[in-house]
Amino acid sequence: MIPFIAEHQALFGLAVLGLVFAGFALERYPPEVVAVGGAALMLCLGLLDVDEALSVFSNAAPITIAAMFMLSGALVRTGTLEAATSLLMQHLGSRKALAMLMLLLATLVLSGFVNNTPVVIVLIPVVIRLAGEMGDAPSSHLIPLSFAGILGGTCTLIGTSTNLLVDGVSQSQGLAPFGIFEIAPIGIVVAAVGMTYLLTAGRFLLPKRTAMGAFKAGSEAATFTSELVIPADSDYVGKKLGEVSALDRSGITLYGAIGRSGTLSPVHRDMELKAGDRISFSAPAAEVLTLHQDENVVLGEPRLLLGGGEEEETILVEALAGPDRRVAGRTVRQLALPYRYGAAVIGVHRHRAVPAGTAIADLRLQSGDTLILAGTARRLTSLAQTAGFVSLSEPTERPYRRRKAPIAIATIAAVVLLAAFNVLPIAGLAMIGVAFILLTRCIDSDEAFQAIDGRVLILIFAMLAVGRGLEEAGAVELIVDAAMPFLKEAHPLLILAVVYLLASLLTELVTNNAVAVVFTPIAIGLAQSLGLDPRSFVMAVMFGASASFATPIGYQTNTLVYGAGNYRFLDFVRIGLPLNILAGATAVAMIYLVFGLGR
């Protein structure tokens, strides 16, 4: 290390931290890139040696976060979240306002046990549709959806990655691990206060704007027109249509029964299904693929796969219709794909013009239509080379594995309960849970790893390295020593409030995980220097860094609804700033009353 830097390494460490925070605020580079750059600068200046930098990979928090991402992914993959939403809509569909309230409460509860980001992603289109049925603008409900997810995440240790990360950093500072429900008494009260505000005064501050067209187009992009046939050996023969749960999903729209002449006749829940019934419907790609695997229905028209050979496996691909006259302007029947290529059309999507109730065979294709095709790999390769389709690729969506849903639910429940009884640390239980859902095929390994937000993990590891560099350089001690003259005579409750306020303000400007890593050692050092209980201060950091409401960049669910609800930046300030104050005052008071400060 250069002698001048060695003499002032604490100041250089703070300068690097300032550059990192400035990079976060300017947003010219993604947060993970800024964090990696800060860690690299620490190494270049000699503030952090290589061994110390590599030691951050032994921190259990990022591994636990990755495991929880996978467990949450299993809930999505098995259709658990979608099924819960459908069940709610079926029972409360006629009572729209109550259904919306129950959606928010369900988001609150679910977010305490699984990652709130996939919960919010699944529910955004549901909330938009329900708001439309209520005659409300989606912007009246999407911010509350995000805030409910954030409030729910503060109720348990595993509810948000920030809590897990703060716990991991505090353990590295010598503190005992937090229990999974240790912060629940505070989180539940904060959540109750927050939800009361959102349902009363807060709802008058929400703007009235329609959802962005780009988002609505994105919702339609996964919707395919298809049709199904009830074969003679189907278990659905003789059942009423309303009794078949596979066809009674919130995303599936039944257009009608297709007669021999191709005309549609209305269908209803009491209609008795018979062998040979053909029903036209539209559904998201995932539902189409799920129905394709259902042995009780046959999708597509015609469904004959010629020339493949029984020993060859049938696969599904997405094909994009090109401008070639061999495809564009011709009907599916005229393409004769089953007879020429042994391929069947399972579903068709057309941007913003899904033909309602048109039999697939009679659908006249346009350039840009997306088709789901079934056939053998050999036959589909031949089709790609000669039939005028621009590209053939594996479908981006996957069928739901609904039969595995009980396993996924039971696994997460077991992780939570065993962690609550301290059978094993949460990191070990989460890893065992991931192994179990992989071995039981609730989710494939590639899907499990896709569920992990790699950018979040890179950001966490890089900021752990920056935090380690600050400790090694003495920057944390310098900050604590500078604050001591101002705080040593102050009331402990005021000191706790200041810690919470700083964590909250920083989180609104930069990523919450970065604040958690950097600020946790400072809070612990400050508490120990003043003779106060550091665990209470760690809790203040947890809530301050998680309860982020006043900007769309402070928390990822806010960013999700920011575009979907066509919000403006000041919309979050107007409704989120009072909630920040309420949540902060409640959290600080509850920490003081329940846990005390130890002076």
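Residues numbered from 1 in each chain as written. Predicted model: local features only at pLDDT ≥ 70, side-chain atom pairs only at ≥ 80, totals over all residues. Heavy atoms only, no water.

- Labelled according to an unreviewed UniProt entry, the protein appears under the name SLC13 family permease, originating from Stappia albiluteola.
- Quoted verbatim from the Subcellular location (unreviewed entry) field of UniProt, the annotation for the protein is "Membrane". (UniProt positions renumbered as here; feature names shortened; annotations may be inferred.)

### With respect to the overall build of the protein
Moving on, step 1. For the protein, the count of helices and strands is 26 helices and nine strands.
Moving on, step 2. A compact globule built from 599 residues would reach a C-alpha radius of gyration of about 25 Å, and the protein, at 28 Å, matches this within 12%.
Moving on, step 3. The dimensions of the protein, computed from C-alpha atoms along their principal axes, are 90 × 55 × 45 Å.
Moving on, step 4. Within the protein, contacts between residues at least 6 apart in sequence are counted, and of these 81% link residues at least 24 apart.
Moving on, step 5. Summed over all atoms, the accessible surface of the protein reaches about 25500 Å², with 62% contributed by carbon and sulfur.
Moving on, step 6. The average position of the 40 basic charges and that of the 46 acidic charges among the side chains of the protein differ by 10 Å. (Helix = DSSP H or I, 4+ residues; strand = E, 2+ residues; numbered from the N terminus. Rg over C-alpha atoms; globule rule 2.2 N^0.38 Å. Contact = heavy atoms within 4.5 Å. Areas by Shrake-Rupley, 256 points an atom, 1.4 Å probe, with all protein chains shown as cover. Lys, Arg positive; Asp, Glu negative; His and termini not counted. Charge placed at Lys NZ, Arg CZ, Asp CG, Glu CD.)

### Observations concerning a nonpolar patch on the surface
Moving on, step 1. A surface patch of nonpolar side chains, about 590 Å² in accessible area, is lined by L417, L418, F421, V423, L424 and I432.
Moving on, step 2. Relative to the helices and strands, F421 resides in the loop between α17 (405–420) and α18 (426–439). (Patch = residues over 30% accessible without salt bridge, like charges linked within 9 Å, V, L, I, M, F, W, Y side chains within 5 Å. Salt bridge = Lys/Arg side-chain N within 4 Å of Asp/Glu carboxyl O.)

### Concerning the pairing of strand β8 (residues 370–376)
Moving on, step 1. Where burial is concerned, most of β8 is hidden: seven out of the seven residues are buried.
Moving on, step 2. Here seven bridges tie strand β6 (residues 314–321) to β8, and the two strands are oriented antiparallel to one another. Considered in β8, the bridge of L316 is made with A374.
Moving on, step 3. Alignment of strand β7 (residues 344–349) against β8, held across five bridges, turns out to be antiparallel. Counted as the bridge partner of H349 is T370 from β8. (Buried < 20%, exposed > 50% of the residue type's maximum accessible area, 1.4 Å probe, protein only. Pairing = 2+ DSSP bridges.)

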